[in-house]
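# Summary of the model geometry
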Amino acid sequence: MKTLGHWIGGKPAEPTSGTFGPVYDPATGAQPTRVALASAEEVDAAVEAAREAYADWSQTSLARRTAFLFRYRELLDAHREELAALITAEHGKVHADALGEVARGMEILELACGIPEKLKGELSTQVSTRIDVASIRQPVGVVAGITPFNFPAMVPMWMFPLAVACGNSFVLKPSEKDPSAAYRLAELAAEAGLPDGVLNVLNGDKAAVDRLLEHPDVAAVSFVGSTPIARYVQLRAVEHGKRVQALGGAKNHMLVLPDADLDFAADNAINAAYGSAGERCMAVSVVVAVGSVGDALVDRIAERARALRIGPGTDPESEMGPLITREHRDKVASYVDGARAQGADVVVDGTGYSVAGHPEGFFLGVSLLDRVSPEMDAYRDEIFGPVLCVVRAGTYDEAIRLVNSSKWGNGTAVFTRDGGAARRFQLEVEAGMVGVNVPIPVPVGHHSFGGWKDSLFGDLHIYGNDGIAFYTRGKVITTRWPDPADSGGINLGFPTSS
């Protein structure tokens, strides 16, 4: 069995805690790898390596930083297939989906390559007699990133390329369920010339996270995961004086208005609900059928759902792979039985699905639940699996009230041909990311990703301009070079511009 340790100070670090966690192949149920779970001492070693590296890296010129980033971008481009294969092997998503994950992560790396433009300061001359004022942004120090299992390459690349481009050093704590992609990203960064200690990968569980949150040398924490953990991360990190951006869970709604193209809407509902086995924080988990479209829309979604090809992510014929663990698969399946007991119509039941030749794989078929109501568990909870709920709403006003009453506000979408209705929706809906005939409105790299309400804890979204603001601190410098003939003098009054 392979053992995956840590990457500290620019090289592999042999684990010393003696504690390990299993890393499964979700398609077979086998455990080919075990991952070291860091002790507090190993966390301290990673932070110390980052702290030492920060002293030089923060003073490294923008020209040298961007030279590394360009080399790194080319190296990742050459290793796309390898990274995608690592993702599929440990997460289970199909190869095309894994390649897409790498591509979207590289968008943020490409944004980081333009960091000199983003870090330009401001200068105002002669704001008062012989006085100039400049604003600059500087790195914050050692940054920790805590990332989820569902995007083991993309979400780390949402964080560390921008952080190191801004002059910070970074300690990445990836999910212990699929850590190999993050480890490989660090190896490739070293190969591209990143100085030792600027990027460290520390594998671990809650104990490692808690130590990062309380460590006095960690200045900021970026997190993506579930809402309860995001809330915990924010509270614990702020208690210890850290800057925090913590992105939480979601229950993303997709409104389908009576004038929508129902075939187009059904295709997109399938793609957004069941892609990556529903293990996406931007997955559509609720379709709101408005007016009379419900029966026709459900029929179209059901027809497509039953035709999906589910199998190992390595099989080119597979459209959806397994779930991340056996326990998660069983929990997701329980929501289907629970919804039936609570009165929903189970139009498509995927709980008995199996894949020939893979009896121990963590496979689950797709499920479609109709006539779901807000008090049902399948609606109230973030299922994070291939279960799509359909809620009926009589009017647009009823539908928008439903969406806005949700405790989450990550992403949402409306499907319509009516520009006025779409404009009204994008202004009235309470969510951070909105799609108009786009079911998964994940922003491109030069915009920022983040939700509202219980989907975000902290003030700044991730990547884009918000990401750069998060990884830097502002400083304002007021300068005066007195004229030799100016005698100055004593004046205890409040200074004014003149």
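As shown above, the structure is provided for reference.
Below is a summary of the structure that appears in this document. In this text the structure is predicted, and so the values were computed from the model without any measurement.

Further remarks concern the overall build of the protein. Along the protein, the regular secondary structure elements total 16 helices and 23 strands. Here the protein has a C-alpha radius of gyration of 25 Å; the compact-globule value for 498 residues is 23 Å, and the two agree. Each of the three principal axes of the protein carries a C-alpha extent, and together these read 85 × 60 × 40 Å. Across the 498 residues that make up the protein, the buried fraction comes to 55%. With the model as given, the accessible surface of the protein reaches about 20,400 Å², and the carbon-plus-sulfur share is 51%. Distance from the positive charge centre (46 side chains) to the negative charge centre (62 side chains) of the protein: 4 Å.

Empty space among the atoms becomes visible once a probe the size of a water molecule is rolled across them. Applying the stated rule across the entire model yields 3 cavities of 30 Å³ or more. By volume, the largest cavity is sized at about 110 Å³. Surrounding the largest cavity, 15 residues form its lining, G278, R280, A283, S285 and F384 being those nearest its centre. In terms of residue class, the lining of the largest cavity is made up of 8 nonpolar, 4 polar and 3 charged.

Turning next to the packing of helix α3 (residues 80-91) against helix α7 (residues 180-191). For the pair α3 and α7, interaxial distance at closest approach is 8 Å and the crossing angle is 155°. On the basis of the axis angle, α3 is roughly antiparallel to α7. Contacts between α3 and α7 involve E82, L83, L86, I87 and E90 from the first element and S180, A181, R184 and L185 from the second. Within the contact of α3 with α7, the residues separate by chemical class into 5 nonpolar, 1 polar and 3 charged.

Further remarks concern unusual backbone geometry. With a phi close to 55°, Q126 is a non-glycine residue in the positive phi region. If you trace the backbone, Q126 turns up in strand β6 (residues 122-128).

Another point: the side chain of R65. When you line up the elements, R65 lands in helix α2 (residues 62-78). Buried within the structure, R65 lacks any salt-bridge partner; its nearest side chain of opposite charge belongs to D56, at an N-O separation of 12 Å.

Moving on, we get to the layout of surface pockets. Reported here for the largest pocket is a volume of approximately 990 Å³. Lining the largest pocket are 38 residues, and of these F149, F223, G225, S226 and I229 sit closest to its centre. At the level of elements, α6 (154-165), α8 (206-214), β11 (218-224), α9 (227-239) and α12 (326-341) are the ones that each hand at least two residues to the lining of the largest pocket. In terms of residue class, the lining of the largest pocket is built from 18 nonpolar, 10 polar and 10 charged.

What follows covers the pattern of salt bridges. Taken as a whole and judged by the stated rule, the model has 35 salt bridges. K206 serves as the salt-bridge partner of D210, at 2.7 Å between the closest nitrogen and oxygen. Taken together, the residues span about one helical turn, with D210 and K206 both in helix α8 at a distance of 4 residues. Judged by relative accessible area, which is 13%, D210 ranks as buried. By relative accessible area, which is 51% here, K206 ends up exposed. With its nearest N and O atoms 2.9 Å apart, the salt bridge here joins D349 to R340. A residue is classified by how much of its surface remains accessible, and R340, at 39% relative accessible area, is partly exposed.

Turning to the state of the cysteines, a few remarks are in order. Among covalent bonds in proteins, the disulfide is the one between the sulfur atoms of two cysteines. Under the defined criterion, the tally for this structure stands at 0 disulfides. Free cysteine: C113, not disulfide-bonded; nearest cysteine sulfur from C166 at 13 Å. For C113, a relative accessible area of 9% gives the class buried.

Judged by nonpolar contacts, the single largest core of 67 residues is most densely connected at Y72, L76, F170, F449 and Y471. With 10 residues, the top contributor of residues to this core is α6. Not counting residues within four places of it along the chain, the set of residues in contact with F449 comprises W158, L247, C281, M282, N410, M433, V442, P443, H461, I462 and Y463. Core analysis: the second largest hydrophobic core is formed by 66 residues, L255, V293, A302 and V366 among them.

Spatial ordering of the open sheet is given by β1-β5-β4, a layout of 3 strands whose pairing is mixed. Because the sheet does not close on itself, it has two edges, and the strands there are β1 (2-4) and β4 (20-23). Pairs of neighbouring strands in the sheet enclose a mean axial angle of 30°, with direction left out of account. Note: β4 against strand β5 (residues 33-36), 4 bridges, orientation antiparallel. Counterpart to P22 in the pairing with β5 is R34.

Pairing is antiparallel across the open sheet formed by 3 strands, whose spatial order is β6-β7-β23. Strand pairing shows two members of the sheet lacking a second neighbour, β6 and β23 (472-480), which therefore form its edges. On average, adjacent strands in this sheet sit at an angle of 25° to one another, irrespective of strand direction.

About the criteria used
Residues numbered from 1 in each chain as written. Predicted model: local features only at pLDDT ≥ 70, side-chain atom pairs only at ≥ 80, totals over all residues. Heavy atoms only, no water. Helix = DSSP H or I, 4+ residues; strand = E, 2+ residues; numbered from the N terminus. Rg over C-alpha atoms; globule rule 2.2 N^0.38 Å. Buried < 20%, exposed > 50% of the residue type's maximum accessible area, 1.4 Å probe, protein only. Areas by Shrake-Rupley, 256 points an atom, 1.4 Å probe, with all protein chains shown as cover. Lys, Arg positive; Asp, Glu negative; His and termini not counted. Charge placed at Lys NZ, Arg CZ, Asp CG, Glu CD. 1 Å grid on protein atoms, 1.4 Å probe; cavity = no way out; pocket = protein on both sides within 12 Å on 5 of 7 lines; lining within 4 Å. Points joined across faces, edges and corners; volume = space filled by probe spheres on them. Nonpolar A, V, L, I, M, F, W, Y, C, P; charged D, E, K, R; others polar. Axes fitted to C-alpha atoms, helices over the stretch in contact; angles between N-to-C directions. Parallel < 35°, antiparallel > 145°, perpendicular 65-115°, else oblique. Contact = heavy atoms within 4.5 Å. Salt bridge = Lys/Arg side-chain N within 4 Å of Asp/Glu carboxyl O. Disulfide = S-S within 2.5 Å. Core = buried A, V, L, I, M, F, W, Y, C linked by side-chain atoms within 4.5 Å. Pairing = 2+ DSSP bridges.

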